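Tertiary structure, described
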Amino acid sequence: MIAIIDYVAGNVKSVENAVKKLGYETLITSNPEEIGNAEKVIFPGVGEASTAMNYLRLKKLDELIPTLKQPFLGICLGQQLLCDFSEEGNAKCLGIFNLKVKKFPSTDIAPHTGWNNLQKMNGPLLEGISETDTFYFVHSYYCEIGENTTSECDYILPFSATLQKDNFYGTQFHPEKSGDVGSLVLQNFLKL
Amino acid sequence: MLKKRIIPCLDIKDGKTVKGIQFEDLRIAGDPVELAKKYVNDSADELVFLDVTATLEGRKTLIELVEKLSLEINIPFTIGGGISSAQDVEALLKAGADKVSINSAAVRRPELVREIAQQFGNQCVVVAIDTKNINGEDYVFINGGKIQTQLKTLEWVKTVADLGAGELLLTSMDFDGTKNGFDIRMLQNVSQVCHLPIIASGGAGKMEDFTEVFTETKVTGALAASIFHFNEIKIVDLKENLKQNKISIR
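This part takes up the nonpolar core. The biggest cluster of nonpolar side chains holds 76 residues, and the ones touching the most others in it are Leu47, Val127, Leu168, Phe210 and Phe228 of chain B. Leave out the neighbours within four places in its chain, and Phe210 of chain B touches Ile6, Phe182, Ala204, Ala222, Ala224, Ile227, Phe228, Ile233, Leu238 and Leu242 of chain B. Grouped together as the second largest cluster of nonpolar side chains are 32 residues, Tyr7, Tyr55, Ile65 and Cys83 of chain A included.

Set out below in structure tokens:
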């Protein structure tokens with residue numbers, strides 16, 4: 001069973017559809033016990049960081065998530081919330097990745113909206129992906145680059161397109177909206 | 001490098017596509033899901049669906065359509081038409097839409113933009129603007145271009161950017177349907193007053209028009225309807241052509 005964390009503003013439906021299409025059973029939930037018992041956990045992200053963190057605290061998921069041992073995937077805001085801190089609403093986040101989430105400088109077009117490619121890729125999540133493959137991004141804040149960065153994307157400046165530390169994975173792009181290469185990334189996660 | 005987006009737009013009424021659509025395979029003509037799948041296979045970067053249904057029954061059918069689309073297509077899609085409250089938005093996003101486009105309702109009550117952005121994030125709020133040049137000044141039109149407002153387009157762009165719009169869909173009423181190319185002047189002017197991603201709409205007739213809009217303006221997406229529906233330009237061919245012209249394309 002793949003748990004998809006439900007938190008009001010998330011685009012859980014698209015993620016659920018994408019995972020089901022790959023042949024896995026899903027459960028959309030914010031129940032700590034159900035999340036704790038799942039084989040894998042996906043944390044889709046849409047919305048605002050401080051509001052999302054408040055919701056996680058309300059459901060006591062801020063305490064649960066860092067203790068999870070099964071493969072965990074944060075998507076978009078989901079990846080950002082796995083970092084230490086976000087400038088969006090000055091939110092203290094979950095602290096898995098020792099990184100800050102910053103706002104794109106206002107000198108160029110933001111949000112970063114559309115299809116972009118990845119560089120300096122490594123790790124199991126991006127197996128089979130090449131530098132010419134493109135993924136769908138839409139975000140105004142980005143994760144810095146650090147030791148847990150497993151690929152970079154360049155928009156205005158280079159930032160972490162994917163992150164990994166132990167069982168925790170993150171993608172800034174939306175694999176569920178990135179066509180066939182996006183499905184491949186989800187498949188890579190689901191077979192971990 | 002961020003790629004420029006090619007975006008087909010489909011008009012929907014009572015869950016079916018309207019406006020003439022001519023493909024060799026006419027079975028798919030009325031079915032938005034089949035048509036959407038065809039465009040995804042043709043490498044469209046996003047899709048926009050504009051619902052022109054006026055009835056309550058038609059709106060319910062729209063939600064069912066969004067659910068089906070969400071099951072069948074794995075690229076982003078936007079739903080617009082008749083959205084006037086955060087509840088409308090919630091229903092569409094829950095059904096699986098990625099973004100909503102609001103037009104007249106935002107002009108009537110600008111706070112709507114802020115409400116949607118706060119509740120669901122800026123990224124899902126596309127503000128659609130129908131603009132027309134009157135005596136040298138660009139004005140916003142509402143109700144499908146039927147009613148002229150006193151709002152100047154550039155002022156309105158600044159307002160919705162401040163209210164939290166995540167993207168703009170700009171349709172030039174002067175150029176729409178002419179097939180003479182996009183409204184370069186208007187699009188350049190808008191890019192100078194805001195840093196939001198812009199989708200250009202209105203006027204596309206040939207492949208060179210897309211090269212022109214991506215070279216001459218800062219727009220990151222270009223939208224068209226009939227030239228794609230009538231197979232006058234195939235998206236795969238268009239993208240090949242743009243690549244040859246050194247435009248960054250997926």
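Further remarks concern the packing of helix α7 (residues 184–193) of chain B against helix α8 (residues 207–216) of chain B. All names here are of chain B. Between α7 and α8, whose axes approach to 10 Å, the crossing angle comes to 30°. Between α7 and α8, the interaxial angle falls into the category roughly parallel. The two elements α7 and α8 meet at a crossing, and its hand is right-handed. In this structure, α7 uses Ile184, Leu187 and Gln188 to contact α8, whose residues at the interface are Glu212, Val213 and Glu216. The residue makeup of the contact of α7 with α8, split by class, is three nonpolar, one polar and two charged.

The subject of this paragraph is the packing of helix α3 (residues 86–95) of chain B against helix α5 (residues 111–120) of chain B. A packed helix pair is summarised by two numbers, namely the angle formed by the two axes and the spacing between the axes. All names here are of chain B. Between α3 and α5, whose axes approach to 10 Å, the crossing angle comes to 40°. Here α5 runs oblique to α3, going by the angle between their axes. With respect to the hand of their crossing, α3 and α5 are arranged in right-handed fashion. Contact with α3, carried on its side by Ala86, Val89, Glu90 and Leu93, involves Leu112, Ile116, Gln119 and Phe120 of α5 and no other residues of that element. Classifying every residue of the contact of α3 with α5 gives six nonpolar, one polar and one charged.

On to α3 of chain B. Buried within α3 of chain B are the following residues: Ala86, Val89, Leu92, Leu93 and Ala95 of chain B. On its buried face, α3 of chain B sits against α1 (12–21) of chain A together with α2 (56–72), β4 (77–80), β5 (99–102) and α5 of chain B. Positive backbone phi, at 125°, marks Gly96 of chain B, one or two positions downstream of α3 of chain B.

Much of the literature gives interface size as the accessible area that the parts lose upon coming together. Facing the 31 residues of chain B at the interface are 30 residues of chain A. The largest share of the area that chain B buries against chain A comes from Leu2, Asn74 and His195 of chain B, three residues that together contribute 26% of it. Inspection of the region where chain B meets chain A yields one salt bridge. A salt bridge links Asp98 of chain B to Lys177 of chain A; the shortest N-O distance between them is 2.9 Å. For the pair chain B and chain A, the interface holds 14 residue pairs in polar contact (both at pLDDT 80 or more). Only α2, α3 and α5 of chain B provide two or more residues apiece to the side of chain B that touches chain A. Its residues assigned to classes, the side of chain B that touches chain A shows 11 nonpolar, nine polar and 11 charged.

In this section: unusual backbone geometry. Excluding glycine, most residues fall at negative phi; most peptide bonds, likewise, are trans. Going from Ala110 of chain A to Pro111 of chain A, the amide bond is cis rather than trans, its omega being 0°. Here Pro111 of chain A shows up in the loop between β7 (97–103) and β8 (112–117). If you check the backbone angles, Lys60 of chain A has positive phi at about 60° while not being a glycine. Here Lys60 of chain A shows up in the loop between α3 (49–58) and α4 (61–64). For Lys60 of chain A, a relative accessible area of 52% puts it in the exposed group. Despite not being glycine, Lys246 of chain B has its phi angle at roughly 65°, a positive value.

All names here are of chain A. One open sheet accounts for seven strands, arranged β2-β1-β3-β4-β13-β12-β11; its pairing is mixed. Two strands in the sheet have a free side with no partner beyond their single neighbour: β2 (26–29) and β11 (149–155). Neighbour to neighbour, the strand axes of the sheet diverge by 20° on average, direction disregarded. The pairing of strand β1 (residues 2–5) with strand β3 (residues 40–43) spans three bridges and is parallel.

The rules we used
- Residues numbered from 1 in each chain as written.
- Chains lettered and ligands numbered in written order.
- Predicted model: local features only at pLDDT ≥ 70, side-chain atom pairs only at ≥ 80, totals over all residues.
- Heavy atoms only, no water.
- Core = buried A, V, L, I, M, F, W, Y, C linked by side-chain atoms within 4.5 Å.
- Buried < 20%, exposed > 50% of the residue type's maximum accessible area, 1.4 Å probe, protein only.
- Contact = heavy atoms within 4.5 Å.
- Axes fitted to C-alpha atoms, helices over the stretch in contact; angles between N-to-C directions.
- Helix = DSSP H or I, 4+ residues; strand = E, 2+ residues; numbered from the N terminus.
- Parallel < 35°, antiparallel > 145°, perpendicular 65-115°, else oblique.
- Left-handed = near helix turned anticlockwise from the far one by under 90°.
- Nonpolar A, V, L, I, M, F, W, Y, C, P; charged D, E, K, R; others polar.
- Buried area = accessible area lost by both parts, 1.4 Å probe.
- Salt bridge = Lys/Arg side-chain N within 4 Å of Asp/Glu carboxyl O.
- Polar contact = N/O pair within 3.5 Å; in protein donor to acceptor, adjacent residues only side chain to side chain.
- Pairing = 2+ DSSP bridges.

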